[in-house]
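# Structure at a glance
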Amino acid sequence: SLDHPTELWLEISRAMQSSIPSIRSSTGQVISPWPYQSLSGQAGVQPVASRQVSGVMQGGTPVFTPLATPLQTPLTTPTTRLQPAAGVTLVQALGTTQTGAAVPSATYVQAPSVTAPAAPKVRTAADGSLPPSDAMKRLREGNARFVRGTPLATRTNLSMRTRLVEEGQAPFAAILGCADSRAPLEKVFDALPGDIFVLRNAGNTCTHAEGSMVGSLEFATGKLGSRLILVLGHTSCGAINGATQAYLSKKDGDTSVGSALEGLLRDLMEVAESAASDDGTTDFDTLSKRAVKTNVFHTMKFLLKYSKTIRDLVSSGQVDLQGGIYNLETGQVDFLGQHPQQEFLFGSKLELPPSMFKQDKATFVRTTESSAVSPFEALKILEEGNKRFVLGAPKTSATQDMRKALVDKGQAPHAAIVGCSDSRAPIETVFDAMPGDLFVLRNAGNTCTHAEGSIVGSLEFCVGKLGSRLILVMGHTACGAINGATATYLADKTAVTRAEPTCALEGLLFGLTKVAQDAYQELGQKASEEQLAAHAVKVNVFHSINFLLKFSQPIRDLVAKGELEVQGAIYNLESGQVKFLGQSPKQAELLASKMHVPPGVAGASDSSVLFGLHGVRTTEDPPLPGPQALQLLKEGNLRFAKGAPEAGKVDAQMRKALADVGQAPHTAVLGCADSRVPLELVFDSLPGDLFVLRNAGNTCVHSEGSVLGSLEFCIGALNTKLIVILGHTNCGAVKGATSQYLKNKGSTPSEPTNALGALLMGLSDVAGQAEKELSASGSKPSEKEISDAAVKVNVFKSMDYLVDNSKVVGKKVISGEVTLEGGVYDLDTGRVQWLGQSPYLKRLRGL
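Residues numbered from 1 in each chain as written. Predicted model: local features only at pLDDT ≥ 70, side-chain atom pairs only at ≥ 80, totals over all residues. Heavy atoms only, no water.

## So, the overall build of the protein chain
Per the secondary structure count, the protein chain includes 32 helices and 19 strands. Accessible area for the protein chain stands at about 35,500 Å²; split by element, carbon and sulfur atoms hold 52% of it. (Helix = DSSP H or I, 4+ residues; strand = E, 2+ residues; numbered from the N terminus. Areas by Shrake-Rupley, 256 points an atom, 1.4 Å probe, with all protein chains shown as cover.)

## Overview of the packing of helix H8 (residues 284-306) against helix H9 (residues 308-315)
Look at H8 against H9: their axes get within 5 Å of each other, and the N-to-C directions meet at 100°. When the axes of H8 and H9 are compared, the pair comes out roughly perpendicular. Judged by residue contacts, Leu303, Leu304, Lys305 and Tyr306 of H8 engage Lys308, Ile310, Arg311 and Val314 from H9. The class makeup of the residues in the contact of H8 with H9 is 5 nonpolar, no polar and 3 charged. (Axes fitted to C-alpha atoms, helices over the stretch in contact; angles between N-to-C directions. Parallel < 35°, antiparallel > 145°, perpendicular 65-115°, else oblique. Contact = heavy atoms within 4.5 Å. Nonpolar A, V, L, I, M, F, W, Y, C, P; charged D, E, K, R; others polar.)

## A closer look at the pairing of strand S18 (residues 819-825)
In terms of burial, S18 is largely enclosed, as 7 of its 7 residues are buried. Relative to S18, strand S17 (residues 722-728) runs parallel, the two being bridged by 7 bridges. Looking across to S18, one finds that Leu722 is bridged to Thr819. Here 4 bridges tie S18 to strand S19 (residues 832-836), and the two strands are oriented antiparallel to one another. Of the residues in S19, the one forming a bridge with Gly823 is Trp834. (Buried < 20%, exposed > 50% of the residue type's maximum accessible area, 1.4 Å probe, protein only. Pairing = 2+ DSSP bridges.)

## Section: the sheet that holds S17
In spatial order, the strands read S16-S15-S17-S18-S19; together these 5 strands make up an open sheet with mixed pairing. On the outer flanks of this sheet lie strand S16 (690-695) and S19, each paired with one strand and no other. Sheet twist, expressed as the mean angle between neighbouring strand axes with direction ignored, is 25°. With respect to the sheet, helix H24 (residues 626-642) is in contact with strand S15 (667-672), S16, S17, S18 and S19, its orientation differing from that of S17 by roughly 35°.

## Points about the confidence of the model for the protein chain
With 77% of its residues at a pLDDT of 70 or more, the protein chain shows a mean pLDDT of 78. Counting interchain partners and residues more than four positions distant, the pLDDT-below-50 stretch residues 13-117 has 177 contacts. (pLDDT = per-residue confidence, 0-100.)

## Quick notes on the pattern of salt bridges
Oppositely charged side chains may form a pair once their charged atoms are brought near each other. Enumeration according to the criterion identifies 20 salt bridges in this entry. Of the charged contacts, one joins Arg388 and Asp432 as a salt bridge, the two residues approaching to 2.6 Å between their closest N and O atoms. Of the two residues, Arg388 sits in helix H12 (residues 375-391) while Asp432 sits in the loop between helix H14 (427-430) and strand S11 (438-443), which places them 44 residues apart along the sequence. Pair check on accessibility: Arg388 and Asp432 agree, each one buried. Two residues, Asp674 and Arg676, come together in a salt bridge whose shortest N-O distance is 2.8 Å. (Salt bridge = Lys/Arg side-chain N within 4 Å of Asp/Glu carboxyl O.)

## Focus: unusual backbone geometry
Backbone geometry places Ser236, a non-glycine residue, at a positive phi of 55°. Turning to its location among the elements, Ser236 is positioned in the loop between strand S7 (228-234) and helix H6 (238-248). For Ser236, a relative accessible area of 36% puts it in the partly exposed group.

## Let's talk about the packing of aromatic side chains
Given two aromatic rings, one states the distance between the centres and the angle between the planes to describe the pair. Summed over the entire model, instances satisfying the criterion amount to 9 aromatic pairs. Ring geometry for Phe146 versus Tyr326: centroids 6.4 Å apart, planes at 50°, classification tilted. Here Tyr326 lies in strand S8 (residues 320-326) and Phe146 lies in helix H2 (residues 132-148), a separation of 180 residues in the sequence. Residue Phe146 shares its accessibility class with Tyr326, and that shared class is buried. Taken together, a centroid distance of 4.5 Å and an interplanar angle of 45° make the contact between Phe302 and Tyr306 tilted. Residue Phe302 and its partner Tyr306 are located together in helix H8, separated by 4 residues, close to a single helical turn. Taking relative accessible area as the criterion, Tyr306 reaches 15% and is therefore assigned buried. Across the ring face of Phe146, the terminal group of Arg403 is positioned such that the distance to the ring centre comes to 5.0 Å. (Phe/Tyr/Trp six-rings, centres within 6.5 Å; stacked < 30°, edge-to-face > 60°. Lys NZ or Arg CZ within 6 Å of the ring centre and 35° of its normal.)

## Some remarks on the packing of helix H16 (residues 480-494) against helix H18 (residues 513-523)
Where H16 contacts H18, the two axes come as close as 8 Å, and the packing angle between them is 75°. As the angle between them shows, H16 and H18 are arranged roughly perpendicular. Here H16 contributes Ala485, Thr486, Thr488, Tyr489 and Lys493 to the contact with H18, which in turn contributes Thr513, Ala516, Gln517 and Tyr520. Its residues assigned to classes, the contact of H16 with H18 comprises 4 nonpolar, 4 polar and 1 charged.

## Details of the environment of Arg442
Here Arg442 shows up in strand S11. Accessibility expressed as a relative area gives 0% for Arg442, which makes it buried. Along the backbone, Arg442 and Ile417 are 25 residues apart, and their C-alpha atoms lie at a distance of 8.2 Å. With residues up to four places along the chain from it excluded, the contact list for Arg442 reads Glu186, Val198, Leu199, Arg200, Met213, Gly419, Cys420, Ser421, Asp422, Ala425, Pro426 and Ile427. A distance of 2.9 Å separates a polar atom in the side chain of Arg442 from the backbone oxygen of Cys420. Here Ala425 takes part through its backbone oxygen, which lies 3.2 Å from a polar atom of the side chain of Arg442. (Polar contact = N/O pair within 3.5 Å; in protein donor to acceptor, adjacent residues only side chain to side chain.)

## Concerning the environment of Tyr326
Using a relative accessible area of 1% as the deciding quantity, one classes Tyr326 as buried. Measuring from C-alpha to C-alpha, the distance between Tyr326 and Leu232 comes to 6.9 Å, with 94 residues separating the pair along the chain. Each residue touching Tyr326, except ones within four places of it in the same chain, is listed here: Phe146, Arg182, Ala183, Val188, Leu232, Gly233, His234, Thr235, Gly331, Gln332, Val333 and Arg403.

## Digging into the pairing of S11
S11 sits mainly inside the fold: 6 of its 6 residues count as buried. The side-chain alternation of S11 yields two buried faces, one formed by Leu438, Val440 and Arg442 and the other by Phe439, Leu441 and Asn443. Of the strand pairs in this sheet, strand S10 (residues 415-420) and S11 are connected by 6 bridges, and their pairing is parallel. Bridge pairing in S11 links Cys420 to Asn443.

## Side note on helix H31 (residues 807-815)
Within the span of H31, buried status applies to Val809, Gly810, Lys812 and Val813. After H31 finishes, the residue Gly816 shows a positive phi value of roughly 90°.

## A look at the nonpolar core
In this structure, Leu303, Phe439, Leu459, Ile471 and Ile555 are the most contacted members of the largest nonpolar core, which totals 101 residues. Counting 41 residues, the second-largest nonpolar core is a separate cluster that includes Cys672, Ala733, Ile786 and Leu841. (Core = buried A, V, L, I, M, F, W, Y, C linked by side-chain atoms within 4.5 Å.)

## Concerning the state of the cysteines
Inspection of every chain in the model, using the stated rule, returns 0 disulfides. A disulfide-free cysteine, Cys420 has its sulfur positioned 4.2 Å from the sulfur of Cys479, the nearest such atom. Residue class for Cys420 comes out buried when judged on its relative accessible area of 7%. Counting only cysteine sulfurs, Cys672 is the nearest neighbor of Cys731, a cysteine outside any disulfide, at a range of 4.2 Å. (Disulfide = S-S within 2.5 Å.)

This is the structure:
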């Protein structure tokens, strides 16, 4: 009944290996059994000799007599059925030797000469890319094997892992899926390490994880050569169900959130709302099922809309972007195809995402009916599973009944794992885990840098709703994201100017440079780049753990009560072993944190909240010394220029604190009114951080009363310790003043007839001073050169005016109680060039 010759010979070889101790020819010569190895999906079994044979049963042992006629026409196509042929006989070997009965002769075509299946071969960079159609075919075939319960990618060994380390990865597809422990992607597609580049979070969304997710996919399609991206949702998705319920019960105008999980569900409500827009249904089951598909297309749309890199690759045909839904009960994946509006989305002009502008598992599965697992027991399960993986002796195998139990009874994973998307580190495989065991979150670099809302919210859901008692943050050796971040850090460290990111990947690497910086400080300048990157993997693990403890109140509370442990680990790509690092050395200190939501959800800048008891600065916070305030501005401007802002969203509690407790800005800024210079954005600051004064030309010439009085109030009543005078390139006011100065040069200027004319005339001496300084070298400067130089001169002029015309400001600045700094904002780069103090002020202070 078998259509494929390969299947016939596999059955023969299995029967012969299990039932026949030896095979002898009529002369008594021992003939080896048919060799059998794990099927790779490419070829069949090679007989010992390609010749016609006949045989009879003697005492239950088949005796084979080689015939002289060699096989002339072997079968080669999978669909060819075995047909009778005259004069050629072969003992029917299946299921006969156990009884010892003689087997009637039967007439068959001799066994086709086919090649034995090689051991499963891992994909490496040496294999090159697969066309999108071939990659999709492999996913379909792998899922079909998973559904049948005949997986091929069940074992790995040292040789495979060594190849992946030495030759590098070349995953044929990148998959963005849900963190739900019932949907382990490598298992669902029967994939080996190195096959697929996996990204996962609760709800397979880009809602809060856009920087991390888009950057990771740009890495996979750009650097690793993956030519297929699959966005995969699944039935009975907890995140979508929660968002649907939140949508149906939402209160108009209520947008506040009390945790990262609530922020995640709130932003996913858009999907439920869109799913309901067709017919306005309010039936929960109907809406939640529909929302799963809507969410898949929503994520695909986000990728095409906000990543120029992915958009260009898809529009050129180099990469295919597809959607799919995994059915938890049947195990099948329903492939949805491309986004219906793909051609329209190719017209997007956006280049970056918004945030960058800113138990014995072999016998059962865990469900909600399973007993709770302590952190110690969960860690032990992971250790034992990893040992089986290293030995190449996995035990896991899921059945239809198991998948149905997960659907009917719900999940209860014993651990949540934050890991890297690297295809060489498939988490469920590394820990030999069953569906239902692990709640997995993955992105490039196992980081919270840009994915904090998604990561923290997902973990709060897992430990709160699902009852997991262990969170493991796991990095891995030879991490591409960490290597890239280390190289970026070293390049920026020595560069005169830093280029702003042109894609989400560069923004992701910049967000990880803090890890490389910390590794550099710990190892010292003698460490090589390779040593820094290796150490940064460990630093990054603890950095992510510290982030979770600092910004999640639910996680902190459970850890403090001993009901949850947060631990770190590093997976060794070559040995396959996981080194468990234990808890963060800073855990006790971080449990005292007052932060209740991550910066990406609350809008709180990490560097700023260090000094704000309420997440924003209020009068309950101590005054910030000028040098520290200046450092905050420099860090914020760097984030802004790199396209990785952290500030932006402010919750109701923060606004209430600012209103009820009062303001305590760490800096007063006098800047230009130019709409291209939004000061709060330029310094990536929160409400309550900056006391801002703005006018055309950032001057005190005509606004001295207003400016001086405002600054005296700020450094007096509000106790601010830093004043910054900020000009900017291509300043219209300064350019106008320069033009008027040159026009009136050598003549008596007419009296101004309006306020603008008076403003420009008041600034004309700035242009005159700039020309004088430039002409000192003997050259004749152009109008543009004078205008450019006048921007800096104007900053110093305003600084000097403040010191000379305000006794309050002058006294505090000269004594050093208040710091007065100048700067010029570059409209092109987004960076601020810091000028320090004016020459006049330095003389007054004896510097």
